[in-house]
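# Reading the structure
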Amino acid sequence: MLQSLPMINKNTGSETDNMEESIPKILIVDLGSQYTQVIARSLRELGYRSAILTDKRAEQWLTLHRPEAIILSGGHASVSDFEAPKPPTNVWEQDLPVLGICYGMQYMVQHFGGLVKHKRGHAEYGPASINVDDSDGLFISLDKREKVWASHGDTVQELPEGFKAIAGSDAYQNAAISNEERKLWGVQFHPEVSHTPNGKKILKNFIASIANIKEDWEPVDIIEQIQRETREGFSDKKTIIGFSGGVDSTTLTAILAPVLAKNLLAVCIDAGQFRLNELEQIQNTINAIGVQLKIIDAEEELLEKLKGITDAQKKRSVFREVYKAAFDKSIAEFGAEIIAQGSLATDFIESGAIGGGEVIKTHHNIGLDFVSEERHPFRNLFKYEVRALAKEIGLPDYLVSREPFPGPGLILRVVGADVSKERLDIVRFADKTVRDILEKHDLLNAETLSQLVVYMLAGSPVVGVKGDARVYDAPIVVRALKTVDFMTGDGVQFPAELRLEMTLTLTKHPHISRVLFDETPKPPATTEPE
Ligand code: XMP
């Protein structure tokens, strides 16, 4: 089912732009979690709108509006940190059901006089099993033992008066708590992520059964909405779209093309980051959509600027610089007043641009401050939602299910040493080799993996022997992730024979003498090595 997702209001942070006439009944106080947007998305999928506000804005908002339930998000701080975000005190004065998630629960415990213990490292990380008290309203129609996703260092040691534990994990007693009289609930785990299989049921129990809120979100046709906004907003203006041939930019181009016609120019920056044969595919895709494409060659410039740079964030900023300069030039040449990009919610969240979370990685096309007006129609969408749009608009299957590929591409996959043309070529070879093997075994599909990431530990060469001679080459790492939304995911474990086939085929290359497999889930790893 398609979801129409309103733009986040830059001033209030709320999702209320398109709906001034009716205020969301659920307030999410963002305490700095990577998953805050995911809570809002899960609520939309359940049929509810919500407003996301930072702690400070929430205080003011609560003086003007009365929601019907409040959710306190998780966060990366520790409740005892001096600068830790604090839910405003008027949250507790509303006599409304409040659900604290992870940090939100810990804050609740501390606020009401319980004890939160700060631990170095992580108390629980990743999948956990909990025993739940299914007589509590939060856990209605759940099993007595449930799988959940947890990620926390601090733990609740003592509950405040009036609270009781309603779930416990093997490692940890207070996995969920409640104080029914004061209408307060808390969960130490994350019900909003897809790795908590019954997480949506828990959120639904809180919203529908405990808070008794009626559904107020009707999914509408987002393609129609974007086209209408484009028609009314800027169809007469020249527009440039950043085009990488991936599902996001291709889908957005296909949506905008019929409205903008000749006013739309797709621009692709080729800075040496692409995989083998990728530029040809890009050209074929754009021809099929019928939009003019300009490819700008910036490889030499980028590689020159990357010399001596190994730090991941610095590499990203150099890529951003080259990317922006190339775009600025095309904007001037085409006379574009608008620049459209297919950036997703994940990109904004990880860049720290929305959600109040930490900067995980600065994405190449976020916050570039172009001279022309920027439009990001997909800024509240997650990958699987864009795939639904791609299907809806009739893009061919191979594009609908196309794996994501990061803007800076293979630049991010040469780790720990200079990015040179030679190293990029080795990674290009390795990527193609692994892809061909997976394809041969019919495993290069969305059922097996969501993204394949083949990278080089360029800064850590190891000794090997080839043709009786000593070699000293950087290891190649093969990683595949299976995920729904790229916020969390599992490392794919390939069968032993397949791993051996990949290893033997890859090491035929004169500069590959060792192959490693990276099966780490996200978190703690991310999809990309940088
Ligand atoms: P991570 O590594 O953060 O990746 O788990 C999540 C998704 O985002 C892609 N990614 C990027 N895409 N610019 C992009 O356009 C970037 O800088 C970037 N970093 C990661 C990654 O490939 C995955 O699909």
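Residues numbered from 1 in each chain as written. Predicted model: local features only at pLDDT ≥ 70, side-chain atom pairs only at ≥ 80, totals over all residues. Heavy atoms only, no water.

### Some remarks on the domain arrangement of the protein chain
What counts here: Residue ranges for the domains originate in an automatic or database domain assignment.
Segmenting the protein chain into domains produces domain 1 (26-210), domain 2 (219-400) and domain 3 (414-518). For domain 1 versus domain 2, the distance between C-alpha centres works out to 36 Å.

### Focus on the site of the ligand
Rules: In this text, near means that some heavy atom of the residue lies within 4 Å of the molecule or strand in question. Note that accessible areas follow from Shrake-Rupley with a 1.4 Å probe, and for residues the cover is restricted to the protein chains shown. Of the two site types, the cavity is a set of points on a 1 Å grid over the protein atoms alone where a 1.4 Å probe fits but cannot get out, and the pocket is an open set with protein on both sides within 12 Å along at least five of seven lines, each lined by residues with an atom within 4 Å of a point. Throughout, a molecule is located in a cavity or pocket provided that more than half of its atoms lie within 2 Å of its grid points. Only Asp, Glu, Lys and Arg are considered charged in this grouping, and only Ala, Val, Leu, Ile, Met, Phe, Trp, Tyr, Cys and Pro are considered nonpolar; every other residue, Gly among them, is considered polar.
Looking at the ligand, there are 15 residues lining it, with Glu-350, Lys-361, Gln-451, Thr-527 and Glu-528 nearest. Taking 490 Å² as the accessible area of the ligand by itself, protein coverage stands at 94%. Of all the cavities here, the one that holds the ligand is the largest cavity. Grouping the constituent residues of the shell around the ligand by class yields four nonpolar, six polar and five charged.

### Quick notes on the packing of aromatic side chains
Rules: Any two of the Phe, Tyr and Trp rings considered here, Trp counted by its six-membered ring, make a pair once their centres fall within 6.5 Å; the pair's planes then place it as stacked at under 30 degrees, edge-to-face at over 60, or tilted in between. Think of it this way: any DSSP run of H or I at least four residues long counts as a helix, any run of E at least two long counts as a strand, and we number them from the N terminus. The rule is simple: take the accessible area with a 1.4 Å probe, protein chains only, and divide by the maximum for that residue type; under 20% is buried, over 50% is exposed, in between is partly exposed.
Overall, the coordinates contain six aromatic pairs when judged by the stated rule. Ring centres of Trp-92 and Phe-112 lie 5.2 Å apart, and the angle between their planes is 85 degrees; this geometry places the pair in the edge-to-face category. Here Trp-92, found in the loop between strand 3 (69-72) and strand 4 (98-101), pairs with Phe-112, found in the loop between helix 3 (103-111) and strand 5 (115-117); they are 20 residues apart in sequence, far enough to count as distant. For the pair Phe-327 and Phe-370, a centre-to-centre distance of 5.8 Å together with 55 degrees between the ring planes defines the contact as tilted. You can see Phe-327 sitting in helix 9 (residues 312-334) and its partner Phe-370 sitting in the loop between helix 10 (345-350) and strand 16 (373-375), a full 43 residues away along the chain. Here Phe-327 falls in the buried class, since its relative accessible area comes to 0%. Relative accessible area serves as the criterion here: at 6%, Phe-370 is assigned to the buried category.

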